[in-house]
Number of protein chains: 2
Amino acid sequence: MFNPTLPARVGEYLALHQERFIADLCAYARFPSVSAQPKHKPDVQACAQWIANHANKAGLTSEIRQTAGNPIVLAKTPPRPGKRPHFLVYGHYDVQPAEPFDLWTTPPFDPQRRGNALYARGICDNKGQHLAHLHAVEAYLKTDTELPCDLTFVIEGEEEVGSDQLGPFLKKYRNELACKAVVISDTGIPSLKQPALTCALRGITAFEITVRGPNRDLHSGIFGGSVDNPALVLAEMLAKVRDSRGKIKVPGFYEGVMALKASDRKEMARLKIDPRKEARFLGVKELHGESGFSIMEQRGARPTFEINGLTSGYQGDGSKTIIPSWAKAKITCRLVPSQKPDKVRNQVAAFLKKIAPKTVEVTISPGHGGEAYYVSPDSAHAKAALRTLKAAFGHDPVLLREGGSIPIVNEIRKILGVDTLLLGLALPDDNAHSPNEKFDLECYRRGMQMSAMLWPELTAAFQK
Amino acid sequence: MFNPTLPARVGEYLALHQERFIADLCAYARFPSVSAQPKHKPDVQACAQWIANHANKAGLTSEIRQTAGNPIVLAKTPPRPGKRPHFLVYGHYDVQPAEPFDLWTTPPFDPQRRGNALYARGICDNKGQHLAHLHAVEAYLKTDTELPCDLTFVIEGEEEVGSDQLGPFLKKYRNELACKAVVISDTGIPSLKQPALTCALRGITAFEITVRGPNRDLHSGIFGGSVDNPALVLAEMLAKVRDSRGKIKVPGFYEGVMALKASDRKEMARLKIDPRKEARFLGVKELHGESGFSIMEQRGARPTFEINGLTSGYQGDGSKTIIPSWAKAKITCRLVPSQKPDKVRNQVAAFLKKIAPKTVEVTISPGHGGEAYYVSPDSAHAKAALRTLKAAFGHDPVLLREGGSIPIVNEIRKILGVDTLLLGLALPDDNAHSPNEKFDLECYRRGMQMSAMLWPELTAAFQK
């Protein structure tokens, strides 16, 4: 085991170009590449074009490959004679919706620097993170420093809506994309002093519940008292989903959930979250979760049932005295190994249909889904990553189980047969998916250094 | 007791001008005079101006009186020497919001005739109904037929948002508006064969519940499982409001509710609603209400708790994986004699605050309120109205307890000290407050005849 170092010219190049890298990221984040909203289709396309062009300028060779959905950008290091390990770097150029706009201090698609951070939708999730990798490779290529491996960047445009096209894409180009491992920076670190390898991710299953009552909104005076209220029925049904201890009451919901070993709980306990400080940070009087589990365990190793949105009846100014015709709830369940997204969704649907009264009609529309993920921290490649993290950040790294979902890591394992190293650069207060999303410039800088040091380490790990 | 008759010239005038009356109503309904929506302020003003002008053309003398809210239009029959009983006719020129627009067959503010009805927002509630009275008076004035009484039309612009200005207005002009009784057509009839005097109205109390959790929308992956979900908490709280028998569980909610006497239940039983037919009409599999009461009783004589709207989190296309920062429910409770709006709202607020978990902050914003109303059908003026109904519609009238609210009838009783005769012209399928609101042209015509015959009858009732 040797200590990772940054090749001098690469380090110098990265240092000299920091301001330009910031300008690059601002240009990239200016595209409102919101994959969930059809009106942003042209912005999504333009954004793909921008990152492809940028990779070319950095010295890679890029291509925009069309899919049945948004295009996927491939960018490769130049071909050289001889044989070297091949690695993929995955990222996504699409972003979450920015609503509600009025809660942003500065407009979500007009990146602004405040303090040591840049603010914009998607700047952290995920544009800044994969751009840091691209800058590191640029530093190798522009300084004629030899990269010990071949690299291909795979940058997709549908991560925020379920990465439907990436699986088929990996299958189609399975040979071209054959590799030793995949690197993804789309996860978080507790702080700049605690760089992290994320060894587990939660999965997800998304769906929408619609409760239909009368075939039109009804006057609540004329009919009220004799016709069931779909919004109240929806509330009553949702209220039956969890008990007072935070357990989900859907039969079978916890089937197959990987139990935590004592060693897992010990490792997770290394990361302390002060519940009072966390509550203050989030603006709540107290935290709340499934009883019997620590905060880290609740977030990383336990499944959830979350209402993401509620819609019914009149939502404008003042009041409208109606019995609404329908009520909807957008739901996502976070899943852990080894729950199956479709199975969980079907269990919830069956439960809701069973408890629905005869006065309404209940439908469940399936959304996207993805399984949870786990990679062993004892593998040579994980160890290489941990060494690199320590060198780049100057602190001992931690092992994280992250609560978010990157469904694609399972696809990668299934289709390409390799592990994914999750080396995220997001801080806990970066507001991913929230108003005022930001990306810390120190994370950006350390990320580039980490990437630059990672490739020799990772190459060595696979040559042992 | 004599049989009401229509003065020949008045009847002839009404018959001759039917088509013009329809055009008048269409012109009136073209104003989107939505009092709940600030953007429609200019339309509300223009609508008040139109009805004032129209009353002048009909031979009355009108004035637009400013208030702290929307103006109130007064229109009086011409002054004459001598003393006659004075009656008021009340109506409102403001309308409910028209949302959701996409459910309208034709645009809500472009009145269209289909079959024997006119379709537009507010055409039935309430523009068509008070316009019918105005046409009847026009017929007297234009044919020089002597009206046995003096009349003042009071047409306000805030009925759909709680009539806040009308109470102060009645107080301010108490002497000018002193009268024997008030006539309002803003209620319903079961059918053209069952004209009705509405002897009871439900009251209302409106409020909005806000459940606040984290100070921003949170990533449901990063934080999910450890932070309570305000939308789920709102659902759980709302689910505790009623039991499986349809009873409201808020302590004290039924305090003071006037019990139904056997005779009341008998009168209400005269009006049969076929539950299967009604369910089919409303598009539900089955009706639902408080157990132990008939449909008519549930609608007319029992209080309710109704969700009018739900709002939380992401409502756009696709999904957004967040824990929403807040969730809201718009609520109205229909009240019966002798519940007090403020008291009931406070009881509900206290209950909700008591059951709210510590993980969220719950606030209740009060909206408008109004007490329930009851008038004795045995009074001379009620009997006069019943006779007139029979003559105008050619059928025995029924006594109704209507589920809707006209808070102003209580204000009238309190301030002017008189009863209000509720002689509505709306059919059960007129879709008041719903898309595709309509007004039946036969109701319009009979309404004019009823009004024309009412004034001699009512005058006689007060001269006995």
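Residues numbered from 1 in each chain as written. Chains lettered and ligands numbered in written order. Predicted model: local features only at pLDDT ≥ 70, side-chain atom pairs only at ≥ 80, totals over all residues.

**Student:** So what about the overall build of chain A? Which residues, and what values?
**Tutor:** A tally of helices and strands in chain A yields 13 helices and 18 strands. Relative to the compact-globule value of 23 Å for 464 residues, chain A shows a C-alpha radius of gyration of 23 Å, a close match. Each principal axis of the C-alpha atoms in chain A carries an extent, and together these give about 80 × 50 × 45 Å. Across the 464 residues of chain A, 57% fall into the buried class. Considering only contacts in chain A between residues 6 or more positions apart, those separated by 24 or more positions represent 80%. (Helix = DSSP H or I, 4+ residues; strand = E, 2+ residues; numbered from the N terminus. Rg over C-alpha atoms; globule rule 2.2 N^0.38 Å. Buried ≥ 20, exposed ≤ 12 C-beta atoms within 10 Å, placed from the backbone. Contact = placed C-beta atoms within 7 Å.)

**Student:** Run through the interface of chain A and chain B, naming residues and quoting values.
**Tutor:** With 82 residues of chain A at the contact, the number on the chain B side is 82 residues. Secondary structure elements with two or more residues in the side of chain A that touches chain B: β10 (218–219), α6 (230–239), α9 (295–300), β11 (306–313), β12 (322–323) and β13 (326–335) of chain A. When the residues that make up the side of chain A that touches chain B are grouped by side-chain class, the tally is 29 nonpolar, 36 polar and 17 charged. Inspection of the sheet shows β11(A) paired to strand β11 (residues 306–313) of chain B by 5 bridges, in the antiparallel sense. Its bridge partner lying in β11(B), Ser312(A) is registered against Leu310(B). (Nonpolar A, V, L, I, M, F, W, Y, C, P; charged D, E, K, R; others polar. Pairing = 2+ DSSP bridges.)

**Student:** If you had to explain unusual backbone geometry to someone new, which residues and values would you point to?
**Tutor:** A cis amide bond, omega -5 degrees, links Glu99(B) with the succeeding residue Pro100(B). Along the chain, Pro100(B) turns up in the loop between β3 (86–92) and β4 (112–114). Look at the link from Pro337(B) to Ser338(B): it is a cis peptide, with omega at 0 degrees. As for its placement among the helices and strands, Ser338(B) is situated in the loop between β13 (326–335) and α10 (341–355). Here the phi dihedral of Asn431(A) falls at roughly 55 degrees; this positive angle occurs in a residue that is not glycine.

**Student:** Lay out the environment of Pro303(A) in plain terms, naming residues and giving numbers.
**Tutor:** Residue and element names in this part refer to chain A. One can find Pro303 in the loop between α9 and β11. By the C-beta count within 10 Å, which is 22 here, Pro303 ends up buried. A sequence separation of 36 residues divides Pro303 from Gln339, and the C-alpha atoms of the two residues are 8.8 Å apart. Those residues in contact with Pro303 that sit more than four places away from it in its chain are Phe253, Val257, Cys333, Arg334, Leu335, Val336 and Gln339.

**Student:** Explain the nonpolar core to me, and be specific about the residues and the numbers.
**Tutor:** With 270 residues, the main nonpolar core has Leu197(A), Leu234(A), Leu197(B) and Leu234(B) as its most contacted residues. With near-sequence residues (within four places) excluded, Leu234(A) lies in contact with Ile209(A), Val211(A), Ala327(A) and Ala329(A). (Core = buried A, V, L, I, M, F, W, Y, C linked by C-beta atoms within 7 Å.)

**Student:** Go over the relation of the copies chain A and chain B with me, naming the residues and quoting the values.
**Tutor:** Of the transformation superimposing chain A on chain B, the axial component is 0.0 Å and the angular component is 179 degrees, with the fit at an RMSD of 0.1 Å. What we have between these two chains is a two-fold relation. Within chain A, the C-alpha atom positioned nearest to the axis of rotation is that of Ala235(A), 2.1 Å from it. Most of the interface of chain A is mirrored in chain B, where 100% of its interface residues are also at the interface. (Least-squares fit on C-alpha atoms with pLDDT ≥ 70 in both.)

**Student:** Can you lay out the environment of Gly256(A) for me, pointing to particular residues and giving the numbers?
**Tutor:** Within the secondary structure layout, Gly256(A) lies in the loop between α6 and α7 (262–269). Once the C-alpha coordinates of Gly256(A) and Lys354(A) are considered, the two residues, 98 residues apart in sequence, prove to be 23 Å apart.

**Student:** Break down the sheet that holds strand β5 (residues 117–119) of chain B for me, with residues and values.
**Tutor:** All names here are of chain B. If you walk across this open sheet you meet the 3 strands as β4-β5-β18, and the pairing is antiparallel. Single-partner strands in this sheet number two, and they are β4 and β18 (438–440). Averaged over all neighbouring strand pairs, the angle between strand axes comes to 30 degrees, with direction disregarded. Relative to β5, β4 is paired through 3 bridges, and the arrangement is antiparallel. For Gln112, the partnering residue across the bridge sits in β5 and is Tyr119. Sheet strands in contact with helix α13 (residues 441–463) are β5 and β18, and its direction is about 55 degrees off that of β18. (Axes fitted to C-alpha atoms, helices over the stretch in contact; angles between N-to-C directions.)

**Student:** Residues and numbers for the domain arrangement of chain A, please.
**Tutor:** All names here are of chain A. Splitting chain A by domain gives domain 1 (8–201 + 373–463) and domain 2 (203–257 + 303–370). Its C-alpha centre places domain 1 at a distance of 35 Å from the equivalent point of domain 2. On the domain 2 side, the residues contacting the 7 residues of domain 1 number 6 residues. Its residues placed into classes, the side of domain 1 that touches domain 2 shows 3 nonpolar, 4 polar and no charged. (Domains from an automatic or database assignment.)

**Student:** Lay out the packing of helix α11 (residues 380–393) of chain B against α13(B) with the relevant residues and their values.
**Tutor:** All names here are of chain B. Following both chains from N to C, one finds α11 and α13 inclined at 150 degrees, their axes separated by 8 Å at the closest point. Viewed along their axes, α11 and α13 form a crossing whose handedness is right-handed. Two secondary-structure elements touch here, α11 through Ala380, His381, Ala384, Ala385, Arg387, Thr388, Leu389, Ala391, Ala392 and Phe393 and α13 through Arg446, Gln449, Met450, Met453, Leu454, Glu457, Leu458, Ala460, Ala461 and Phe462. Counted by class, the contact of α11 with α13 contains 14 nonpolar, 3 polar and 3 charged residues. (Left-handed = near helix turned anticlockwise from the far one by under 90°.)

**Student:** So, the pairing of β3(B): which residues are in play, and what are the values?
**Tutor:** Residues and elements named next belong to chain B. The buried fraction of β3 amounts to 6 of the 7 residues, a majority that puts the element mostly inside the structure. Bridge analysis of β3 against strand β6 (residues 150–156) gives 7 bridges, and the strand direction is parallel. Bridging across to β6, His92 finds its partner in Glu156. Strand direction decides the pairing type here: β3 and strand β7 (residues 181–184), joined by 4 bridges, are parallel. Residue pairing for β7: Val89 is matched across the bridge by Val183.

**Student:** Got a sec to walk through the packing of helix α4 (residues 123–142) of chain B against α13(B)? Specific residues and values, please.
**Tutor:** Residue and element names in this part refer to chain B. It is at 8 Å that the axes of α4 and α13 come closest, and there the two elements cross at 50 degrees. Between α4 and α13, the crossing angle belongs to the class labelled oblique. In this structure, α4 meets α13 at a crossing whose hand is right-handed. Where α4 approaches α13, its residues Gly128, Gln129, Ala132, His133, His135, Ala136 and Ala139 are matched on the opposing element by Tyr444, Gly447, Met448, Ser451 and Ala452. Looking at the contact of α4 with α13 residue by residue, the class counts come to 6 nonpolar, 6 polar and no charged. (Parallel < 35°, antiparallel > 145°, perpendicular 65-115°, else oblique.)

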